[in-house]
Amino acid sequence: MNERDIRGLVGKVKAGKLSRRGFVQAMMAVGIGAPVAGQILVSSGVAMAQPASTYKPTKRGGGGPLKLLWWQGPTLLNPHFAVGTKDQDGSRLFYEPLAAWDPDGNLKAKLAAEIPTKENGGLAADGMSVTWKLKQGVTWHDGKPFTADDVVFNWEYAKDPATAAYTIASYQDVTVTKVDQYTVKVAFKKATPFWADAFVGTRGMLIPKHLFADFIGAKSRDAPTNLKPVGTGPYMFKDFKPGDLVTGVANPNYHQANKPYFDSVEMKGGGDAVSAARAVLQTGEFDFAWNLQVEDEILSRLEKGGKGSVSVTPGGNIEFLLMNTTDPWTEVDGERSSLKTKHPTLSDPEVRKALALLVDNKSIQDHIYGRTGPATRNFLYGPSRFDSKNNPIEFNVDKANDILEKAGWKKGADGIRAKDGKKLKFVYQTSINQPRQKTQAIIKQAAQKAGIDIELKSVTASVFFSSDVANPDTYTKFYTDLEMYTTTMGQPDPGTHMLQFVSTEAATKANKWQGRNITRWQSPEADKLYRETEAELDPVKRAASFIKLNDLAIQNQIVMGIVQRPTVSARTAKLNCNISGWDNNTSDLSDWFKDA
Amino acid sequence: MQVHRVSRQYVIRKLLIMIPSLLGISIVLFALLAMAPGDPFDELATNPAVPPEVRAALRAKFGLDDPIWMRYWHWLFALMQGDWGFSFVSRMDVSTLIMQRLPVTLVVIGASQILAIVIAIPVGVLAATRPYSLFDQIANTFAFIGFSLPTFFTGLVLILVFSIQLDWLPFVYRADITATGWAFYWEHIKQSIMPVTVLGLFQGAALVRFVRSSVLDVIRLDYVTTARSKGIGERKVITRHVVRTALIPVVTLVALQMPIVFSGAIVTEQIFRVPGIGSLLITSMLSNDTPVVMGVTFVSACLVVVFNLIADILYGWLDPRIAFR
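Model, not experiment: these values are computed from the prediction.

Peer 1: Please clarify how the overall build of chain B should be interpreted in this entry.
Peer 2: A count of helices and strands for chain B gives 13 helices and zero strands. Secondary structure elements of chain B occur, N-terminal to C-terminal, as α-α-α-α-α-α-α-α-α-α-α-α-α. C-alpha atoms of chain B, sized along the principal axes, occupy 85 × 60 × 40 Å. Burial status across chain B gives 46% buried among its 325 residues. Surface accessibility of chain B: about 16,800 Å² in total, with carbon and sulfur atoms responsible for 70%. Charged side chains of chain B number 25 positive and 19 negative; the gap between the two group centres comes to 15 Å.

Peer 1: What exactly am I supposed to notice about the side chain of Ser112 of chain B here?
Peer 2: Residues and elements named next belong to chain B. Following the sequence through the fold, Ser112 ends up in helix α5 (residues 94–129). Classification of Ser112 as buried rests on a relative accessible area of 0%. Those residues in contact with Ser112 that lie beyond four places of it in its chain are Val196, Leu199, Gly200 and Gln203.

Peer 1: Explain the packing of aromatic side chains to me, please; I cannot follow it from the model alone.
Peer 2: The relative placement of two aromatic rings is captured by the distance of their centres and the angle of their planes. All names here are of chain A. With the rule as written, the count across this model stands at 33 aromatic pairs over all chains. Ring geometry for Tyr261 and Phe262: centres 5.0 Å apart, planes at 80°, overall edge-to-face. Accessibility assignment for this pair places Tyr261 and Phe262 in one class, buried. On the numbers, 5.1 Å between centres and 75° between planes, the contact of Phe379 with Phe501 is edge-to-face.

Peer 1: Explain the pattern of salt bridges to me, please; I cannot follow it from the model alone.
Peer 2: By the definition in use, this model includes 32 salt bridges over all chains. For the salt bridge of Asp312 of chain B with Lys14 of chain B, the shortest nitrogen-to-oxygen distance reads 3.4 Å. Pair noted here: Asp312 of chain B is in helix α13 (residues 290–318) and Lys14 of chain B is in helix α1 (residues 2–35), with a separation of 298 residues, a long-range link. Exposure remark for Asp312 of chain B: the relative accessible area of 30% places this residue in the partly exposed category. In this structure Lys14 of chain B comes out as partly exposed when scored by relative accessible area, which is 30%. The structure contains a network of salt bridges with shared partners spanning Lys108, Lys110, Lys259, Asp588 and Asp591 of chain A.

Peer 1: Explain the interface of chain A and chain B to me, please; I cannot follow it from the model alone.
Peer 2: A common way to report how large an interface is uses the accessible area buried once the components associate. Between chain A and chain B, the contact holds 56 residues from the first and 41 residues from the second. Summed over both partners, the interface of chain A with chain B buries about 4,000 Å², with 55% contributed by carbon and sulfur atoms. When the buried area of chain A at its contact with chain B is split by residue, Arg221, Pro242 and Arg516 of chain A rank highest and sum to 15% of it. Counting across the chain A and chain B interface gives one salt bridge. Here Glu266 of chain A and Arg174 of chain B are joined by a salt bridge, their closest N and O atoms 2.8 Å apart. For the side of chain A that touches chain B, the elements supplying multiple residues, two or more each, are β1 (65–69), α6 (168–171), β7 (235–241), β8 (245–250), β9 (264–268), α8 (273–281) and α14 (461–464) of chain A. Considering each element in turn, the side of chain A that touches chain B owes the most residues, four residues, to α8 of chain A. Partitioned by chemical class, the residues of the side of chain A that touches chain B number 23 nonpolar, 19 polar and 14 charged.

Peer 1: Looking at this structure, I do not really get the packing of helix α7 (residues 151–165) of chain B against helix α8 (residues 181–219) of chain B. What am I missing?
Peer 2: All names here are of chain B. Orientation of α7 relative to α8, taken along the N-to-C sense of each, is 145°, at an axis distance of 10 Å. Here α7 runs over α8; the crossing is right-handed. Counting all contacts with α7, which are made through Thr151, Thr154, Gly155, Leu158, Ile159, Phe162 and Ser163, the residues of α8 involved are Met194, Thr197, Val198, Leu199 and Phe202. Partitioning the contact of α7 with α8 into residue classes produces seven nonpolar, five polar and no charged.

Peer 1: Sorry if this is basic, but what is going on with the side chain of Ser337 of chain A here?
Peer 2: Residues and elements named next belong to chain A. Along the chain, Ser337 turns up in the loop between β12 (318–323) and α10 (349–357). Of the residues examined, Ser337 reaches a relative accessible area of 1% and is grouped as buried. In this structure the side chain of Ser337 is engaged in a polar contact, spanning 3.1 Å, whose partner is the side chain of Asn324. Once residues within four sequence positions are removed from consideration, Ser337 is found in contact with Asn324, Thr326, Asp327, Pro328, Thr330, Lys477, Phe478, Tyr479 and Arg520.

Peer 1: What exactly am I supposed to notice about the environment of Pro150 of chain B here?
Peer 2: Locating Pro150 of chain B in the fold gives a position in the loop between α6 (134–148) and α7. Residues Pro150 of chain B and Val296 of chain B, 146 residues apart in the sequence, show an inter-C-alpha distance of 24 Å.

Peer 1: What am I meant to see in the pairing of β12 of chain A here?
Peer 2: Each regular strand carries side chains that alternate between the two faces of the sheet. Residue and element names in this part refer to chain A. With respect to burial, β12 is a largely interior element, six of its six residues being buried. Pairing of β12 with strand β18 (residues 482–487), which is carried by six bridges, proceeds in the antiparallel orientation. When the bridges of β18 are listed, Leu322 appears paired with Glu483. By the bridge criterion, five bridges tie β12 to strand β19 (residues 559–564) in an arrangement that is antiparallel. By the bridge assignment for β19, Glu319 is matched with Val563.

Peer 1: Can you help me understand the sheet that holds β8 of chain A in this one?
Peer 2: For sheets, the rule is that strands pair by backbone hydrogen bonds, running either parallel or antiparallel. Residue and element names in this part refer to chain A. Taken in spatial order, the seven strands line up as β7-β8-β9-β1-β10-β20-β11 in an open sheet, and their pairing is mixed. Two strands lie at the open edges of the sheet, namely β7 and β11 (308–313), each paired on one side alone. Sheet topology note: the β1/β9 ladder contains five bridges and is parallel. Looking at β9, one finds that Leu68 is bridged to Met267.

Peer 1: Before we go on, may I ask you to explain the sheet that holds β12 of chain A in this structure?
Peer 2: Residues and elements named next belong to chain A. Taking strand neighbours across the sheet as the criterion, the five strands line up as β17-β16-β18-β12-β19 in an open arrangement whose pairing is mixed. Of all strands in the sheet, those with a lone pairing partner are β17 (453–459) and β19, marking the two edges. Across this sheet, the average inter-strand angle for adjacent strands is 25°, counted without regard to direction. Pairing analysis gives two bridges linking strand β16 (residues 425–431) to β18, with the strands arranged parallel. Following the sheet pairing, Gln429 is matched in β18 by Glu483. Each of β12, β16, β18 and β19 touches α10; the most contacted strand, β12, lies at about 150° to it.

Peer 1: Would you take a moment to explain the confidence of the model for chain A for this structure?
Peer 2: Interpreting fine coordinate detail is not advised for predicted regions of low pLDDT. For chain A, the mean per-residue pLDDT works out to 88, and 93% of the residues sit at or above 70. Contacts for the low-pLDDT stretch residues 383–387 of chain A, under 50 throughout, to residues beyond four places or in other chains number 21 contacts.

Peer 1: Just to check I follow, could you spell out the packing of helix α15 (residues 524–535) of chain A against helix α16 (residues 539–555) of chain A for this structure?
Peer 2: Geometrically, a packed helix pair is captured by the angle between its two axes and the distance between the axes. Residues and elements named next belong to chain A. At a minimum axis distance of 8 Å, the contact between α15 and α16 shows a crossing angle of 155°. Overall, the two elements α15 and α16 adopt an arrangement that is roughly antiparallel. Of the two possible hands of crossing, α15 and α16 adopt the one that is left-handed. Between α15, through Glu525, Ala526, Leu529, Tyr530, Glu532 and Thr533, and α16, the contact on the second element is made entirely by Arg542, Ser545, Phe546, Lys548, Leu549 and Leu552.

Calculation notes
- Residues numbered from 1 in each chain as written.
- Chains lettered and ligands numbered in written order.
- Predicted model: local features only at pLDDT ≥ 70, side-chain atom pairs only at ≥ 80, totals over all residues.
- Heavy atoms only, no water.
- Helix = DSSP H or I, 4+ residues; strand = E, 2+ residues; numbered from the N terminus.
- Buried < 20%, exposed > 50% of the residue type's maximum accessible area, 1.4 Å probe, protein only.
- Areas by Shrake-Rupley, 256 points an atom, 1.4 Å probe, with all protein chains shown as cover.
- Lys, Arg positive; Asp, Glu negative; His and termini not counted.
- Charge placed at Lys NZ, Arg CZ, Asp CG, Glu CD.
- Contact = heavy atoms within 4.5 Å.
- Phe/Tyr/Trp six-rings, centres within 6.5 Å; stacked < 30°, edge-to-face > 60°.
- Salt bridge = Lys/Arg side-chain N within 4 Å of Asp/Glu carboxyl O.
- Buried area = accessible area lost by both parts, 1.4 Å probe.
- Nonpolar A, V, L, I, M, F, W, Y, C, P; charged D, E, K, R; others polar.
- Axes fitted to C-alpha atoms, helices over the stretch in contact; angles between N-to-C directions.
- Left-handed = near helix turned anticlockwise from the far one by under 90°.
- Polar contact = N/O pair within 3.5 Å; in protein donor to acceptor, adjacent residues only side chain to side chain.
- Pairing = 2+ DSSP bridges.
- pLDDT = per-residue confidence, 0-100.
- Parallel < 35°, antiparallel > 145°, perpendicular 65-115°, else oblique.

Dropping the structure here:
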């Protein structure tokens, strides 16, 4: 699908011939995530859909306690320090952003009076600023009013490097000014296509100025409110034991009528994922359990009791295979996998092509992940099970053999193909995690049939995912030929996600392996596409560039999607809740309720 | 009185020896933790949305870039002033974190120790007085099964039977029971039954064997025969003469096990989600929260040293034949 096709579809939506949903699905089919699709519509002058509310309760409270089970409990409750999703989810019981992402990738107003659009004057035509109108009459849990000063303060707080806020990236490059008591303007340094970052979603939760003003910068860790949140959210803080329990009671002055439904909320931590699933699906001790990294087979068995169900929420996280473009076995200037080298065998495009044919995504989905890992070849995929049409999954051992044979890789006496004395022997690493080891085995087996010898290596997760510069086994050093892990796409915009393919982002000794381009792929074409997405204000053209960038990487076999990693949760039969793959699990907590 | 004076000197000397040994322990612990792989702010490094400066600022703020000896010195100096350190992960005082977990740990692990003792002493004594009888055989078999089965296995079996099949007991331990009055205690007892049973039986099983062999050792001694020949009833011989002597080593064993009451039971706490010190330790280890790990392990080390001393003293006090020098 090219730019003109997308424009044609937008025109249809405007004319009312195509539903928003239809448009979003068409976009997802070509690999554009729903949030981006939503933004395409917005900037093309189609207002964001505000889906009809399914909230039924007609009065506040009366729902009894809401019991949430997070098998890793929150360890801190200041949203600006909340690195882990568990901490963000915990903070979200009490704090709210201006707007949240719903499951379809549309913005849903929380503390904003309305979602900014070109039509309501919120979005500047030149893409240089966005103006947010705040909801009036909102109070913090301690009774003080919520105003534009609080919003501006959050920007000052987060952008200060001495505060060391996890959210700094969303705030350091913007300028926030107060227009009036209930209006703020976010100005960008350059035209910014993805404007819904600061004050939105996981990194947009707002803390009160009057309680944090004295604790900005280096003093940030001493704020008493870090441990006793005072927010605007549906529940008010009651008690917090890090790693174990967070409790809250309904906010009697919540700014939305008839909400929340539950009288109190508790988020219990600890234990393991399987027993968390049991506590919801089998015994019903809890109402909701989060992040169930459990084999689908077990989940299905637990579900049979009928007390609850498992929900799979699509997002952007992807389990993928990376092929090293540099030589991991030669040391140059104190580093292996140096940019100055080229991989001895993987640099042959025919070898990469053959390897791609040996990855059996379908079997990996069927035998390992089930519902919790739909197969895909894309690195960037939409919040849906639809796969991009441009990158069909092809598993074909014969074809792989054929390609290698034609390219001159001949089988030796040991059954391993070689050419010019170089053998097709690869080391394939990942973290220790049962599904990953099973996936490794499936790929190794197929490769063997094509005369490629793969040695499997598994590294303890705490080492593999660490940033320890002294350790050779981290995923960013990538001192092997192949590796596999899941990269998360917490933000709905693919901007940071696609840094994986930018030349200057290559992980090297010089940047302490903190670059985001792990394969070290150097492609002028990819760089040009990425630059286009950065500068392009027109979301349609921008989306087209992202798709092209994804296709370029996939079709050159730099990386290969294996399975999507959606969020898996369990809920009791009566609980109604909307979980968004683009925001925290608890982002819509105010609207949760139980059927009578 | 003679004994008393001597033991005071002994205690003072032992207390003085404690200081260098605790220092040594703390150095080893600190060095091990400092040299272990992993970084509390790793999650930031792997997150594409967080610039590296944030991590650098945090490392500087928490003094992670200082050399190890300097960090150790800071830690020791703060400890002398009663400051246990500051958690990297939760951004709160280590002492607060430990105090939050302590009551539950003491109640659950303490109850399981009591259960172990209450079961082990009568069973062990009875088994020893009738060696190789049917009762002895059964007791022995159960003791063997008890300490051969790991707690994670018995825990899961109990959960499957009592929570999932019968639906009698909850398997998630909650420290925040909202009920009041009798209901409050009932809820607490209900949720404690399984973890306490698992731990109590495990420890009780080992203790049964110990009590039995200790009683068997004593029952053959001449003074017991003398007591019997004086015509004292069998029950009185056992309770007054045998058990009193036989329990001396048992008392010291129990004293030596007391530090466990503090440090919790990592596996059992994880299974039943008991928010005790053990689960705090394991989550802190997994998130590389070294100040908390250091705090918990060092407190445990102190308790082991202190209870060793107490066991020594108790032993001498109970058994005057042992001289302090």
